[in-house]
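Breakdown of the fold
One letter stands for each residue in the lines below.
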Number of protein chains: 2
Amino acid sequence: MTESNGSILVVGSVALDQIATPFDNVQEVIGGAAVHFAAAASVLAPVQLVGVIGEDYPTSELDFLKERGVDLAGLEQRPGESFRWGGRYHYDMNTRETTHTELGVFAEFSPALPADFRSARWVFLGNIDPTLQLDVLDQIAEPILVACDTMNYWIEGTPDALLEVIGRIDMITLNDEEARQLSGSPNLARAARWIQDRGPRHVVIKKGEHGAMLFSEDAIFFAPGYPLEDVIDPTGAGDAFAGGIFGYLARFGRTGEDDLRRAVVYGCALGSFACEEFGPERLKTLSRQEVEERVRLFKELTHFEAHAT
Amino acid sequence: MTESNGSILVVGSVALDQIATPFDNVQEVIGGAAVHFAAAASVLAPVQLVGVIGEDYPTSELDFLKERGVDLAGLEQRPGESFRWGGRYHYDMNTRETTHTELGVFAEFSPALPADFRSARWVFLGNIDPTLQLDVLDQIAEPILVACDTMNYWIEGTPDALLEVIGRIDMITLNDEEARQLSGSPNLARAARWIQDRGPRHVVIKKGEHGAMLFSEDAIFFAPGYPLEDVIDPTGAGDAFAGGIFGYLARFGRTGEDDLRRAVVYGCALGSFACEEFGPERLKTLSRQEVEERVRLFKELTHFEAHAT
């Protein structure tokens, strides 16, 4: 690994999750977009994390991130309770409902970047208030690539600020329903073009177990979900997916169409590993070799020749 | 095109459809699994169609099939009304509800194969009563590959007969919900293996706009849906998909893993064309060159290298 491609900055939630699936349930497990993203990206490249936790957060559970080169200098600990989220998955493990959200100290999150975070080259603005996403972006000196994630709450509640973010970034990651809602188009190809027309060169639409689509200037790329036989917990898979994309980009330092396609496959690989255990547990022990082997399996999974050879 | 690879036999419904989408609606358009399948497969190879229609069927609307080498000698016309089906699509065009089903002469369908249909080499048992699927299969002398489709109605109502069919075929095509229901497993990889253990070497799971998966003995293949900007009517896309698979297989006469993967992509191509107009309208004018061009676009859509080159 070379450091010359610069590090990744991620801002997003750091949470304690309660997760129920049809088969099991856990509570007070570490989670949040920034944790899942960092756990995935740090397999491939250095990460700087910006977020906030309360006094009750089990910080020692983030030691695995530090050991893998995640700089937690931007993780502020404040008086009060940590952000807590609860979700319950349905029978098919593809859909879920939120059972509770307690913002705690996250309600007054005001991200301030340590000085050496401002030179980050690869910036992922996790799913937070678009106004905060703009605050973070204003603090970055010279990024190579900036992406944001978002959700229906901001699409409905703060569309103007969200569109301002969208106008300033290179890539957006969002799921199919969010793309439809944001654009007002039921058709994903049209939805992606609508979003591209408002800023980002690259629109990445996440489709859960159905994979992901990358809409670039002249091309569309489709990567499938990995056909896992045991999906334990999909929580954070979308953030690990984004972490995989950024890990690839920062590791190799290139942003051509071929690289972006490969980055999306790395994203799908990381997203699939994330589902194999509760919380970020599987990502803790994940090696770069395991990621590369799964990328190879994605190649086998999708390869065909248009003509008999 | 050579005839030496043998012709395709399809048995299934021949219907008059009433279709409502959020944008438009039509009624009394020709439809049914056998029509959509034959309209797709006949772009690539000769087809023999087995079905039943009432006295009210506008038979001249099937002339385009005859002109493309579809043998309608197995299409029986009986006193009574034709099978009618109605469906209404939801906003995302991926889900629909059935608004009416009038079986008419289809209720007493008893498929009898003309003598020269019995030598068909590629047999598709469309979604009908499994007992009738067995009747048809018993009349075929020496097929190379037999596939069946089915639906929740038969999975719930006649599971024993369905499992008997499944035990005698080489390939099954069914959608993701049907695979989950049939196997009792929410996980598609496990569902496919459950079905494979009961007979068919190849399980093809249709996922609508999300594409299709081919589970073979040692490999899984994933093909995406084509990102159409205008989906007019998805009715019959699953049957056109199966028609594309069979058209490819009968045209080239090979059933190796590489061929099956390519066949599934041909299926996805035909399924995507089927969505471009109401009923089988788009398939009427479709050329082999257009199919091959779209297969090439599928290659572009999914291609990546696992390593930078």
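In what follows, the accompanying structure is described.

The rules we used
Residues numbered from 1 in each chain as written. Chains lettered and ligands numbered in written order. Predicted model: local features only at pLDDT ≥ 70, side-chain atom pairs only at ≥ 80, totals over all residues. Heavy atoms only, no water. Least-squares fit on C-alpha atoms with pLDDT ≥ 70 in both. Contact = heavy atoms within 4.5 Å. Buried area = accessible area lost by both parts, 1.4 Å probe. Salt bridge = Lys/Arg side-chain N within 4 Å of Asp/Glu carboxyl O. Polar contact = N/O pair within 3.5 Å; in protein donor to acceptor, adjacent residues only side chain to side chain. Helix = DSSP H or I, 4+ residues; strand = E, 2+ residues; numbered from the N terminus. Buried < 20%, exposed > 50% of the residue type's maximum accessible area, 1.4 Å probe, protein only. Pairing = 2+ DSSP bridges. Arc of directions from axis to C-beta. Axes fitted to C-alpha atoms, helices over the stretch in contact; angles between N-to-C directions. Parallel < 35°, antiparallel > 145°, perpendicular 65-115°, else oblique. Left-handed = near helix turned anticlockwise from the far one by under 90°. Nonpolar A, V, L, I, M, F, W, Y, C, P; charged D, E, K, R; others polar. Lys, Arg positive; Asp, Glu negative; His and termini not counted. Phe/Tyr/Trp six-rings, centres within 6.5 Å; stacked < 30°, edge-to-face > 60°.

For the rest of this paragraph, the subject is the relation of the copies chain B and chain A. Note on the copies: chain B fits chain A at an RMSD of 0.0 Å, the axial shift is 0.0 Å, and the rotation between them is 180 degrees. Here the two chains are linked by the operation of a two-fold rotation axis. For chain B, the minimum C-alpha distance to the rotation axis belongs to B:His210 and amounts to 3.0 Å.

A separate point is the interface of chain B and chain A. Counting residues at the interface gives 43 residues for chain B, matched by 43 residues for chain A. Interface of chain B and chain A: buried area, both sides summed, is about 3900 Å²; carbon and sulfur atoms make up 52% of it. Looking at the side of chain B facing chain A, the largest losses of area belong to B:Phe222, B:Glu229 and B:Phe304, adding up to 18% of the total buried there. For the pair chain B and chain A, the number of links is six salt bridges. Linking B:Glu209 and A:Arg180 is a salt bridge whose minimum nitrogen-to-oxygen distance equals 3.2 Å. Linking chain B to chain A there are 28 residue pairs in polar contact (both at pLDDT 80 or more). Within the residue set of the side of chain B that touches chain A, elements represented by two or more residues are helix H6 (176–183), helix H7 (188–196), strand S13 (220–223), helix H9 (257–274) and helix H11 (288–302) of chain B. If one sorts the elements of the side of chain B that touches chain A by residue count, H11(B) sits on top with six residues.

Turning to the pairing of strand S12 (residues 212–215) of chain B, a few remarks are in order. Residue and element names in this part refer to chain B. Both faces of S12 are covered, namely the face carrying Ala 212 and Leu 214 and the face carrying Met 213 and Phe 215. With four bridges connecting them, strand S11 (residues 202–206) and S12 associate as antiparallel partners. Residue pairing in the sheet places Val 203 in a bridge with Phe 215 of S12. As consecutive antiparallel partners, S11 and S12 are separated by five residues, and within that stretch Gly 208 has a phi angle of approximately 60 degrees, a positive value. The pairing of S12 with S13 spans four bridges and is classified as antiparallel.

Looking now at the pattern of salt bridges. Summed over all chains, the structure comprises 44 salt bridges over all chains. With a shortest N-O distance of 3.3 Å, B:Arg201 and B:Asp170 are connected by a salt bridge. Of this pair, B:Arg201 sits in the loop between H7 and S11 while B:Asp170 sits in the loop between helix H5 (159–166) and strand S10 (171–175), and the two are 31 residues apart along the sequence. What makes B:Arg201 partly exposed here is its relative accessible area of 32%. Residue B:Asp170 is classed as buried on the basis of its relative accessible area, which comes to 15%. Where salt bridges share partners, they join A:Glu28, A:Asp56, A:Glu81 and A:Arg84 into one cluster.

Turning to helix H5 (residues 159–166) of chain A, a few remarks are in order. Here H5(A) has its buried residues at A:Ala161, A:Leu162, A:Val165 and A:Ile166. Down the axis of H5(A), the buried set is contained in an arc of 145 degrees. They therefore lie on one face.

Our focus in this paragraph is the packing of helix H9 (residues 257–274) of chain A against helix H11 (residues 288–302) of chain A. The description of two helices packed together rests on the angle between their axes and the distance between the axes. All names here are of chain A. At a minimum axis separation of 9 Å, H9 and H11 run at an interaxial angle of 110 degrees. Classified by the angle between their axes, H9 and H11 sit roughly perpendicular to one another. Crossing of H9 over H11 shows right-handed handedness. Contacts between H9 and H11 pair Val 265, Tyr 266, Cys 268, Ala 269, Leu 270, Ser 272 and Phe 273 from the former with Glu 290, Val 291, Glu 292, Arg 294, Val 295 and Phe 298 from the latter. For the contact of H9 with H11, the class distribution of residues is nine nonpolar, one polar and three charged.

Within the secondary structure, B:Lys299 sits in helix H11. No salt bridge is formed by the buried B:Lys299, whose closest oppositely charged neighbour, A:Glu305, lies at an N-O distance of 4.5 Å. Apart from residues no more than four positions distant in its own chain, B:Lys299 is found in contact with A:His303, A:Phe304 and A:Glu305.

Here the focus is the packing of aromatic side chains. Residue and element names in this part refer to chain A. Within this structure, the stated rule accounts for 21 aromatic pairs over all chains. Between Phe 83 and Phe 106 the ring centres are 5.0 Å apart and the planes differ by 20 degrees, which places this aromatic pair in the stacked class. Linking Phe 83 in strand S6 (residues 83–89) with Phe 106 in the loop between strand S7 (96–102) and strand S8 (122–125), this pair joins segments that are 23 residues apart in sequence. Here Phe 83 matches Phe 106 in class, with each residue buried.

Below, the discussion takes up the sheet that holds strand S3 (residues 25–31) of chain B. All names here are of chain B. As summarised here, the arrangement of the four strands in space is S3-S2-S6-S7, forming an open sheet in which the pairing is mixed. The outermost strands of the open sheet, each flanked by one partner alone, are S3 and strand S7 (96–102). Strand-to-strand twist of the sheet, defined as the mean angle between neighbouring strand axes without regard to direction, takes the value 20 degrees. Here strand S2 (residues 15–20) runs beside strand S6 (residues 83–89); their pairing, made up of six bridges, is parallel. Residue pairing across strands places Ala 15 opposite Phe 83, the latter belonging to S6.

Residue and element names in this part refer to chain B. Inspection of H7 places Leu 188, Ala 189, Ala 191, Ala 192, Ile 195 and Gln 196 among the buried residues, and these make up the whole buried set. Within H7, the buried residues cover an arc of 160 degrees as seen down the axis, which keeps them to one side. Against the buried residues of H7 lie H5, S10, H6, S11 and S12. Where H7 starts, the residue carrying a side-chain oxygen 3.0 Å from the main-chain nitrogen of Ala 189 turns out to be Asn 187.

Residues and elements named next belong to chain A. Contact geometry for helix H3 (residues 130–138) and H5: axes closest at 8 Å, N-to-C directions at 30 degrees. Compared by their axis directions, H3 and H5 come out roughly parallel. In terms of crossing hand, the pair formed by H3 and H5 is left-handed. Facing H3, whose interface residues are Pro 130, Thr 131, Gln 133 and Leu 134, H5 presents Ala 161, Leu 162, Glu 164 and Val 165. A class-by-class count of the residues in the contact of H3 with H5 yields five nonpolar, two polar and one charged.

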